[in-house]
Amino acid sequence: MLRIISRIFPVVPVLLVTTAAFAQDQVVLKTQLPAPLFVGTPAPLNVPNLEPATKGKRPDFMVPAGTVNLAKNKKVTASDSNPNVGTLDMVVDGDKDGNEGSWVELGPGKQWVQIDLARKADIYAVLIWHFHSQARVYRDVVVQVSDDPTFKSGVTTIFNNDFSNEVGAGAGKSMNYIETYQGKLIDAKDAKGRYVRLYSNGNTSNKLNHYIEVEVWGKPAV
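Everything numeric in this text was worked out from a predicted model, so none of it was measured.

Asker: It is not clear to me how the overall build of the protein should be interpreted in this structure. Could you clarify?
Answerer: Across its full length, the protein carries two helices and eleven strands. In the protein, the succession of α and β elements from N to C terminus is α-α-β-β-β-β-β-β-β-β-β-β-β. Buried residues in the protein amount to 45% of all 222 residues. Across the protein, the fraction of contacts at a sequence separation of at least 24, relative to all contacts at a separation of at least 6, is 78%.

Have a look at this one:
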């Protein structure tokens, strides 16, 4: 019976993509980490839904081969156009040092910074360093991707720990986390867009908002 069928319907070779072959196209995301500035990670008080403190090296995160930091030296805008400390270009200048002079300080309350990647991209991961010379938690962290610079349409939220919807992006389910020199790595799950916007709403030490560096790892969309 098989011979009869094959004469009527010739067997066409099919290329099967195996798990092993797919894995060969994946590489470990590698970024240069700054020096740690404090020992230990004491948990801040009065912070609900806090994920366990990072112990040792963060697990490897796999990305497609050819993935690059698309945010490096790109244009940055913000809700606070006149930062208290630093300039907005410092958010993407590659300097991740935690000492004074390496961070941008925005005003109190809800604030955001936005990175223009210059073209639409496939985004696999976002790495954020708010502040790492002290174990603190930044509140209401929301990270979104869109092709609309006003973020009024086509918005994909890739991280949201704003449980009470202070930012207005909906109540989040992501966990609060303690700042460390390793930064916060967010799995963007191949979100697509040209703009990346990051919100925060003060921190456990004061009401101000800080950014040392943001990296957006991906590829320009085809």
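That shown, we press on.
Asker: Sorry, what's going on with the side chain of Ser 200 here?
Answerer: Note on placement: Ser 200 falls in strand E9 (residues 184-201). Setting aside residues up to four positions removed in sequence, Ser 200 forms contacts with Gly 109, Lys 110, Gln 111, His 130, Arg 139, Asp 140, Asn 209 and Tyr 211.

Asker: I would appreciate a short explanation of the pattern of salt bridges in the present structure.
Answerer: Pairs can form between side chains of opposite charge whenever their charged atoms are close. Enumeration according to the criterion identifies eight salt bridges in this entry. For Lys 57, the salt bridge identified is with Asp 60, shortest N-O distance 2.8 Å. Through salt bridges with shared partners, one network takes in Asp 122, Asp 190 and Lys 192.

Asker: For this particular structure, what's the right way to read the nonpolar core?
Answerer: In globular proteins that are soluble, nonpolar side chains generally tend to be buried together. Ranked by size, the top nonpolar core spans 44 residues in total, and within it Val 126, Val 143 and Leu 198 carry the most contacts. Secondary-structure elements contributing two or more residues to this core are strand E4 (75-78), strand E5 (104-106), strand E6 (110-129), strand E7 (142-146), strand E8 (156-160), E9 and strand E11 (213-220). With eleven residues, the single largest contributor to this core is E6.

Asker: Honestly, the environment of Thr 54 in this entry has me stumped. Any pointers?
Answerer: Secondary-structure assignment places Thr 54 in the loop between strand E1 (26-28) and strand E2 (62-64). The exposure class of Thr 54 is partly exposed, given its relative accessible area of 38%. Separated by 124 residues in the primary sequence, Thr 54 and Ile 178 place their C-alpha atoms 8.1 Å from one another.

Asker: I would appreciate a short explanation of unusual backbone geometry in the present structure.
Answerer: In terms of backbone geometry, most residues other than glycine have negative phi values and most peptide bonds are trans. One non-glycine residue, Asn 73, adopts positive backbone phi at about 60°. Looking at the element boundaries, Asn 73 is found in the loop between strand E3 (68-69) and E4. Not every positive phi belongs to a glycine, and Ala 118 is a case in point at roughly 80°. Along the chain, the position of Ala 118 falls in strand E6.

Asker: Please clarify how the packing of aromatic side chains should be interpreted in this entry.
Answerer: Scanning the model with the defined rule gives two aromatic pairs in all. Judged by centre distance (4.9 Å) and plane angle (55°), the ring pair of Trp 103 and Phe 131 falls under tilted. Here Trp 103, found in the loop between E4 and E5, pairs with Phe 131, found in the loop between E6 and E7; they are 28 residues apart in sequence, far enough to count as distant. Both residues of the pair, Trp 103 and Phe 131, belong to the buried class. Between Phe 159 and Tyr 177, the ring centres sit 6.1 Å apart and the planes meet at 80°, which makes this aromatic pair edge-to-face.

Asker: So what exactly am I meant to see when it comes to the environment of Leu 127 here?
Answerer: When you line up the elements, Leu 127 lands in strand E6. When the C-alpha positions of Leu 127 and Ala 188 are compared, they lie 10.0 Å apart, and in sequence the two are 61 residues distant. Residue contacts for Leu 127: discarding those within four places in its chain leaves Leu 29, Thr 31, Arg 58, Gln 182, Gly 183, Lys 184, Leu 185, Glu 213, Val 214, Glu 215 and Trp 217.

Asker: Teacher, can you tell me more about the confidence of the model for the protein here?
Answerer: A low pLDDT means the predicted coordinates there should not be read in detail. Looking at the protein, the pLDDT average stands at 89 and 86% of residues meet or exceed 70. Low pLDDT (under 50) marks residues 1-21, which in the prediction has one contact with non-local residues, meaning those over four places away or in another chain.

Calculation notes
Each residue is numbered by its place in its chain's sequence as written, counting from 1. Local features are withheld for residues below a pLDDT of 70 in this predicted model, meaning they are given only at 70 or higher, and side-chain atom pairs are given and counted only at 80 or more; totals for whole chains, interfaces and linings count all residues. Side-chain metrics rest on all non-hydrogen atoms present in the structure, leaving aside hydrogens and water. A run of H or I in DSSP becomes a helix once it reaches four residues, and a run of E becomes a strand once it reaches two; helices and strands are each numbered from the N terminus. Burial classes: relative accessible area under 20% of the type maximum marks a residue as buried, over 50% as exposed, and values in between as partly exposed (1.4 Å probe, protein chains only). The contact criterion used is simple: two residues touch if any of their non-hydrogen atoms lie within 4.5 Å. When a carboxyl oxygen of Asp or Glu is within 4 Å of a side-chain nitrogen of Lys or Arg, the pair counts as a salt bridge. Residue types Ala, Val, Leu, Ile, Met, Phe, Trp, Tyr and Cys, when buried and joined through side-chain atoms within 4.5 Å, form a set referred to as a nonpolar core. Pairing of aromatic rings covers Phe, Tyr and the six-membered ring of Trp, with a centre-to-centre limit of 6.5 Å; geometry is then stacked below 30 degrees between planes, edge-to-face above 60, and tilted otherwise. Known as pLDDT, the predictor's per-residue confidence is scaled from 0 to 100.

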